[in-house]
Amino acid sequence: MEGDKNATVLHNIKSLQGKNVVLLFGKTRAGKSTFINDAYRKKVVKSTTSIKSDTSEISYVNQPIRVGDRDIFLVDTIGLGGSGRDHDRASFTWKWLCIFHPGNDRITPLETTIKGILYFIGINDDTMGEDNIRNLETFKALVGEEVLESIVFVTTKWFTEADPNARKRCETNFVRWEEIIRRDFPGASILRLDDTTGRLSEEDLNEISSAERRKREQEYHNNAMRVLQQLLKKSATQPILAQREMYEGGEKMKVGHTTLGKTTIRHLSDDIERAAGVSKTRGITHLFAQFIRKLVGFRLPVPLAKNGGELLNPGDTTSQCAVTKTQASSSL
């Protein structure tokens, strides 16, 4: 959503301090951006049906949405496993740890800004392989154990009963996902989005009458609002794990000292060990192993400030986050 007039790139969580925030996670094309547009009943963020994700930054919608008696700010995130260069779990880790960096401010009390979390699952995805498992492990390392009741897993891409074979596959996948979520995320909820109404593509919506389209869009909006209402029934009362660890660690906090950093490093190390078993280029594999060892000790930079305190974008070339990343790579 970079450059989108309806959204602002989230550089640091302090920019949303004192507000009610809901985070959206999930793989590329799982339906995060579409959900936001449904909730607002208009296109406020880009969404796509192609294999290329349109969400390239972690950003929040400028205008809050009213849910019950609260104004909620929705934060759209880059899809895990997407086509962009920042859609890998390592970049995901770096971005979120920078967002939660407290800087030099250890006076302001740690607030529970994030009130709820949505994790989107395309239920038509038949694969429960390593990629999905690692995404869940990364997600768990980010949020921790204390906010599980404030998480809703949202299943999307449901086929209607008019296509019984496809519907049966979706039901089978739902059972599989539900078992994993109940085991690894006890207390979290799992909901079906558009499972009874189904969902038409943008192309199909353009081919139906205006009255029928309005009816469909109202159904999608109602479904999205039901999810948000369900989520906020158990609002988080504590910060998520990564935010708490960054606050407690302060400006000297290192990537490898956070649960999220440790999880990402373990994933990278596993990949390196696997590559070492099949690769003839042992020198390159050794180089990557050195990089992982250095990554454990990287100190997360204090975000620089400009314009009276506005935090610089960690992805900007003038920011310490980007500089540190580059220096780390060149220090091997």
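Residues numbered from 1 in each chain as written. Predicted model: local features only at pLDDT ≥ 70, side-chain atom pairs only at ≥ 80, totals over all residues. Heavy atoms only, no water.

### Some words on the nonpolar core
Item 1. The biggest cluster of nonpolar side chains holds 49 residues, and the ones touching the most others in it are Phe25, Trp96, Phe100, Ile117, Phe139, Leu142 and Phe153.
Item 2. The element that contributes the greatest number of residues to this core is helix α2 (residues 89-99), accounting for 6 residues.
Item 3. Ranked by size, the runner-up nonpolar core spans 25 residues in total, among them Val45, Val61, Leu74 and Leu232. (Core = buried A, V, L, I, M, F, W, Y, C linked by side-chain atoms within 4.5 Å. Buried < 20%, exposed > 50% of the residue type's maximum accessible area, 1.4 Å probe, protein only. Helix = DSSP H or I, 4+ residues; strand = E, 2+ residues; numbered from the N terminus.)

### Focus on the packing of aromatic side chains
Item 1. The tally for this structure, following the rule as stated, stands at 13 aromatic pairs.
Item 2. Members of the aromatic cluster, each reached through a chain of ring pairs, are Phe25, Phe92, Trp96, Phe100, Tyr119, Phe139, Phe153 and Phe185.
Item 3. If you follow Lys140 out to its NZ or CZ, it ends over the ring of Phe185, 5.1 Å from the centre.
Item 4. Note that Arg199 overlies the ring of Tyr220, its terminal NZ or CZ placed 4.1 Å from the centroid. (Phe/Tyr/Trp six-rings, centres within 6.5 Å; stacked < 30°, edge-to-face > 60°. Lys NZ or Arg CZ within 6 Å of the ring centre and 35° of its normal.)

### A few points about unusual backbone geometry
Item 1. The phi torsion at Arg41 lies on the positive side, around 60 degrees, for a residue other than glycine.
Item 2. Following the sequence through the fold, Arg41 ends up in the loop between α1 (32-40) and β3 (59-61).
Item 3. Despite not being glycine, Lys157 has its phi angle at roughly 65 degrees, a positive value.
Item 4. As for its position among the elements, Lys157 is in the loop between β7 (151-156) and α4 (164-184).

### Overview of the pattern of salt bridges
Item 1. This structure, assessed with the given rule, holds 16 salt bridges.
Item 2. Across the pair Arg167 and Glu171 runs a salt bridge, and its minimum N-O distance is 3.3 Å. Separated by 4 residues within a single helix, Arg167 and Glu171 lie in helix α4, roughly one turn from each other.
Item 3. Residue Arg167 is classed as buried on the basis of its relative accessible area, which comes to 10%. (Salt bridge = Lys/Arg side-chain N within 4 Å of Asp/Glu carboxyl O.)

### A short note on the packing of helix α3 (residues 130-143) against α4
A pair of packed helices is captured by two measures, namely the crossing angle of their axes and the spacing between those axes.
Item 1. Contact geometry for α3 and α4: axes closest at 12 Å, N-to-C directions at 30 degrees. Accordingly, the angle class assigned to the pair α3 and α4 is roughly parallel. The handedness of the crossing between α3 and α4 comes out as right-handed. Along its contact with α3, which presents Asn132, Ile133, Leu136 and Lys140, the element α4 presents Trp177, Ile180 and Asp184.
Item 2. A breakdown of the residues in the contact of α3 with α4 according to their chemical character gives 4 nonpolar, 1 polar and 2 charged. (Axes fitted to C-alpha atoms, helices over the stretch in contact; angles between N-to-C directions. Parallel < 35°, antiparallel > 145°, perpendicular 65-115°, else oblique. Left-handed = near helix turned anticlockwise from the far one by under 90°. Contact = heavy atoms within 4.5 Å. Nonpolar A, V, L, I, M, F, W, Y, C, P; charged D, E, K, R; others polar.)

### Structural notes on the confidence of the model for the protein chain
Item 1. Per-residue confidence for the protein chain gives a mean pLDDT of 79, with 74% of residues at or over 70.
Item 2. Contacts for the low-pLDDT stretch residues 49-53, under 50 throughout, to residues beyond four places or in other chains number 10 contacts. (pLDDT = per-residue confidence, 0-100.)

### Here's the deal with the environment of Phe35
Item 1. Note on placement: Phe35 falls in helix α1.
Item 2. Accessibility expressed as a relative area gives 1% for Phe35, which makes it buried.
Item 3. Considered as a pair, Phe35 and Leu24 are 11 residues apart in the sequence and their alpha carbons are 9.4 Å apart.
Item 4. Once residues within four sequence positions are removed from consideration, Phe35 is found in contact with Leu24, Leu118, Phe120, Leu193, Ala224, Val227 and Leu228.

### Quick look at α3
Item 1. The terminal C-alpha atoms of α3, which comprises 14 residues, lie 20 Å apart, in line with the 20 Å expected from a rise of 1.5 Å per residue.
Item 2. Within α3, 10 of the 14 residues are buried, which leaves the element mostly enclosed by the surrounding structure.
Item 3. For α3, the full list of buried residues reads Asn132, Arg134, Asn135, Leu136, Thr138, Phe139, Lys140, Ala141, Leu142 and Val143.
Item 4. Trailing α3 by a residue or two, Gly144 shows a phi angle of about 85 degrees, which is positive. (Expected span 1.5 Å × (residues − 1).)

### Side note on the packing of α2 against α3
Item 1. At a minimum axis distance of 11 Å, the contact between α2 and α3 shows a crossing angle of 10 degrees. As far as their axial angle goes, α3 and α2 are roughly parallel. Counted together, Arg89, Phe92 and Trp96 of α2 and Asp131, Arg134, Asn135, Thr138 and Leu142 of α3 form the full contact between these two elements.

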